[in-house]
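Structural description and commentary
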Amino acid sequence: MVMTNFAAVPPMLRSIAIVGGGSAGWMAAAALAHAVGRNIAITLVESEEIGTVGVGEATIPPIRNFNGRLGIAEADFVRATRGSFKLGIEFVGWGAADSRYFHPFGEYGADFDRVALHQHWLRERLRGDPTPIDDYAMCWALARENRFGPPVDNPRDVRSTHSYAYHFDAGLYAAFLRRFAEARGVTRREGRIETVTRDGNTGHVSHVTLADGRAVAADFFVDCSGFRSLLLGETLGVEFIDWRQWLPCDRALAMPSANHGALTPYTRSTAHAAGWQWRIPLQHRTGNGHVYCSEFISDDEAAAVLQAHITGEALGDPRPLRFTAGRRRVAWAHNVVALGLAAGFLEPLESTSLHLIQTGIERLLLLLPDAAHNPLNAAEFNRATANEWERIRDFLILHYHANRRPEPFWQARVAAGVPDELAYKMKHFIGNGRLVSPQDELFRNPSWLAVYLGQGLVPVTYDRLLDARPQVDSARELAKLRGLMREAAASYPHHEEFLAQHCRATPPA
Ligand SMILES: Cc1cc2nc3c(=O)[nH]c(=O)nc-3n(C[C@H](O)[C@H](O)[C@H](O)COP(=O)(O)OP(=O)(O)OC[C@H]3O[C@@H](n4cnc5c(N)ncnc54)[C@H](O)[C@@H]3O)c2cc1C
């Protein structure tokens with residue numbers, strides 16, 4: 001082993017500047033302040049005049065790890081963001097106009113054999129059992145009755161097989177993280193950045209200058225400037241890879257409404273003729289939005305569709321947003337790493353954007369550079385990021401491609417085909433129900449299973465290992481499991497009762 005002289009070790013970073021104060025900026029500020037804020041000065045620049053995108057209200061379970069690492073107590077967090085709990089997503093009209101399925105967080109059932117539960121289910125289905133796969137997910141057992149409670153620790157208990165995430169108010173989330181970050185020493189600078197200056201020798205960004213002439217210099221920059229990608233895209237010229245061929249939705253209209261009916265512990269996604277609509281229940285209102293493809297529907301028509309499908313009184317006019325699916329070729333170039341919309345965009349179909357910010361921050365901490373800016377850090381960051389984005393992209397494409405809807409928009413999704421890796425996975429599933437998703441993918445087997453089956457892909461056969469093994473009475477075991485889940489679900493409180501008991505938000509002043 002070659003040991004270098006300690007004196008030859010490059011100095012560490014002294015300062016990090018975060019450009020942008022949307023969810024990405026404040027998530028980065030909070031996490032960096034918590035991890036390295038005692039030794040590295042952290043400044044965040046944001047412009048109230050420009051504002052934030054202001055959406056991003058549904059999440060996936062790993063956000064609990066993000067909060068956990070920061071030491072944020074769940075009840076405080078849910079209360080402060082007027083949040084609610086999320087057990088998964090109900091997809092309405094996606095596979096076919098009259099279909100419905102649930103993408104649960106957590107597992108299907110509890111294994112009773114070395115062969116996966118869904119293979120038993122497939123065999124029984126071929127024998128004529130019509131029970132949907134949803135009936136084996138503890139998340140759905142709870143969700144369909146609007147019940148909620150955390151899982152138990154005992155892996156032998158069926159109540160350990162579900163997981164959960166949150167819905168929350170995006171503005172309150174950023175404000176919550178801002179308080180957290182500022183309390184840990186992050187300096188906030190208000191103002192519009194007018195120019196970005198690069199070092200003449202290295203090409204690194206040296207400082208940004210605000211409209212009032214103040215300069216913010218740093219050793220390292222985190223670009224959280226939103227769709228504009230002020231540092232990575234505009235200044236460093238990193239190109240955007242466009243994924244519209246597979247994910248062509250390019251606009252959304254967002255509109256809150258008053259709560260109506262039971263507070264569902266899940267997001268609902270309803271397919272429409274040229275896109276889909278989200279419904280996200282919070283304690284104080286419901287978030288709604290129509291994501292659509294402008295090639296197939298006008299803005300006025302899209303607004304009419306949204307308004308026609310809202311339950312509860314509308315609380316404002318539809319707010320338009322425009323985007324393009326894709327990512328920057330690299331997320332880290334020179335001394336700039338982009339997070340959030342500055343790095344790319346994947347539509348909120350599976351609530352993955354805040355998660356990608358979270359993993360970007362975790363990866364940055366794993367690969368934190370020093371003043372020498374070894375390009376290997378950026379190379380590894382970019383390799384892992386590209387892989388992560390592309391695998392999530394493929395999962396989203398599956399929702400669109402595997403459909404039996406008649407409208408031109410949906411037929412065009414079938415005709416558009418899929419990327420090779422997704423085609424390979426789909427072949428395995430259709431061939432014999434096998435799920436081929438590597439360990440490092442965000443979406444694991446239960447998620448793929450939910451969406452394959454929900455979108456109407458049915459395997460030709462099942463894993464024949466089942467028939468080569470001592471007979472397990474699949475029908476009996478599956479029926480037992482359904483009974484156990486029904487009983488277990490009944491022992492949980494209703495979602496609203498749980499919120500009232502543990503994290504009821506105080507009404508707005
Ligand atoms: C329709 C839609 C629905 C979504 N739903 C979800 C969801 O359910 N779940 C999910 O996880 N994600 C969702 N997202 C994504 C999510 O909203 C974003 O990932 C998240 O809000 C992060 O945004 P951001 O911080 O990158 O950008 P922004 O919120 O746009 O923030 C950009 C920041 O940069 C600042 N800025 C820009 N230019 C300058 C300048 N020149 N000078 C100073 N400051 C500047 C702005 O003031 C602002 O503070 C959704 C996105 C869209 C479009």
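Presented here is an overview of the structure given in this document. (Residues numbered from 1 in each chain as written. Predicted model: local features only at pLDDT ≥ 70, side-chain atom pairs only at ≥ 80, totals over all residues. Heavy atoms only, no water.)

A few words on unusual backbone geometry. The backbone of Asn146 shows a phi angle near 55°, a positive value even though the residue is not glycine. Despite not being glycine, Ser351 has its phi angle at roughly 55°, a positive value. Locating Ser351 in the fold gives a position in the loop between strand E21 (344-345) and helix H9 (353-366). Residue Ser351 is classed as buried on the basis of its relative accessible area of 6%. (Helix = DSSP H or I, 4+ residues; strand = E, 2+ residues; numbered from the N terminus. Buried < 20%, exposed > 50% of the residue type's maximum accessible area, 1.4 Å probe, protein only.)

A word on the sheet that holds strand E4 (residues 88-92). Strand order in the open sheet formed by 7 strands is E5-E4-E14-E15-E16-E13-E17, and the pairing between neighbours is mixed. Two strands in the sheet have a free side with no partner beyond their single neighbour: strand E5 (100-104) and strand E17 (319-322). In this sheet, adjacent strand axes meet at a mean angle of 20° when their direction is disregarded. (Pairing = 2+ DSSP bridges. Axes fitted to C-alpha atoms, helices over the stretch in contact; angles between N-to-C directions.)

The immediate surroundings of the ligand are formed by 35 residues, with Gly21, Val55, Ala58, Ile193 and Leu354 found nearest. Here an oxygen atom of the ligand and a backbone polar atom of Cys224 are 3.4 Å apart. One nitrogen or oxygen atom from the main chain of Leu341 is found 2.9 Å from an oxygen atom belonging to the ligand. Contact with the protein chains covers 97% of the free accessible surface of the ligand, which is 1,000 Å². (Near = heavy atom within 4 Å. Polar contact = N/O pair within 3.5 Å; in protein donor to acceptor, adjacent residues only side chain to side chain. Areas by Shrake-Rupley, 256 points an atom, 1.4 Å probe, with all protein chains shown as cover.)

All right, on to the side chain of His167 then. With respect to the helices and strands, the residue His167 is situated in strand E6 (residues 165-167). Reaching out from His167, the side chain makes a polar contact with the side chain of Ser84 at a distance of 2.9 Å. Within polar-contact distance, the side chain of His167 engages the side chain of Thr267 at 2.8 Å.

Pairing is antiparallel across the open sheet formed by 3 strands, whose spatial order is E12-E18-E21. Looking at which strands have only one partner, the edges of the open sheet turn out to be strand E12 (240-242) and E21. One ladder, built from 2 bridges, connects strand E18 (residues 326-328) with E21; its direction is antiparallel. When the sheet's bridge partners are listed, Arg327 is paired in E21 with Gly344. Those strands touched by helix H10 (residues 375-401) are E18 and E21, and its axis lies near 175° from that of E18. (Contact = heavy atoms within 4.5 Å.)

With that out of the way, let us pick up the side chain of Ser351. Among the polar contacts listed, one links the side chain of Ser351 to the side chain of Lys86, at a separation of 2.8 Å. Excluding its chain neighbours within four sequence positions, the residues that come into contact with Ser351 are Ala58, Thr59, Ile60, Lys86 and Ile89.

What follows concerns empty space enclosed by the protein. Summed over the entire model, instances satisfying the criterion amount to 2 cavities of 30 Å³ or more. In this structure, the largest cavity occupies an estimated 50 Å³ of space. Here the lining of the largest cavity takes 4 residues from H10, the largest share from any one element. Looking at the lining of the largest cavity residue by residue, the class counts come to 5 nonpolar, 2 polar and 3 charged. A volume near 40 Å³ is recorded for the second largest cavity. (1 Å grid on protein atoms, 1.4 Å probe; cavity = no way out; pocket = protein on both sides within 12 Å on 5 of 7 lines; lining within 4 Å. Points joined across faces, edges and corners; volume = space filled by probe spheres on them. Nonpolar A, V, L, I, M, F, W, Y, C, P; charged D, E, K, R; others polar.)

Summed over the entire model, instances satisfying the criterion amount to 35 salt bridges. Note that Arg188 is salt-bridged to Glu46, the shortest N-O span being 2.5 Å. In this pair, Arg188 sits in strand E7 (residues 187-190) while Glu46 sits in strand E2 (residues 41-46), placing the two residues 142 residues apart along the sequence. Taking the relative accessible area as the measure of exposure, Glu46 reaches 13% and is therefore buried. The shortest N-O distance in the salt bridge between Asp76 and Arg79 comes to 3.4 Å. With Asp76 and Arg79 both in helix H3 (residues 74-80), this residue pair falls 3 residues apart, about one helical turn. Look at Asp76 and you get partly exposed, because its relative accessible area is 42%. Here Arg79 falls in the partly exposed class, since its relative accessible area comes to 33%. (Salt bridge = Lys/Arg side-chain N within 4 Å of Asp/Glu carboxyl O.)

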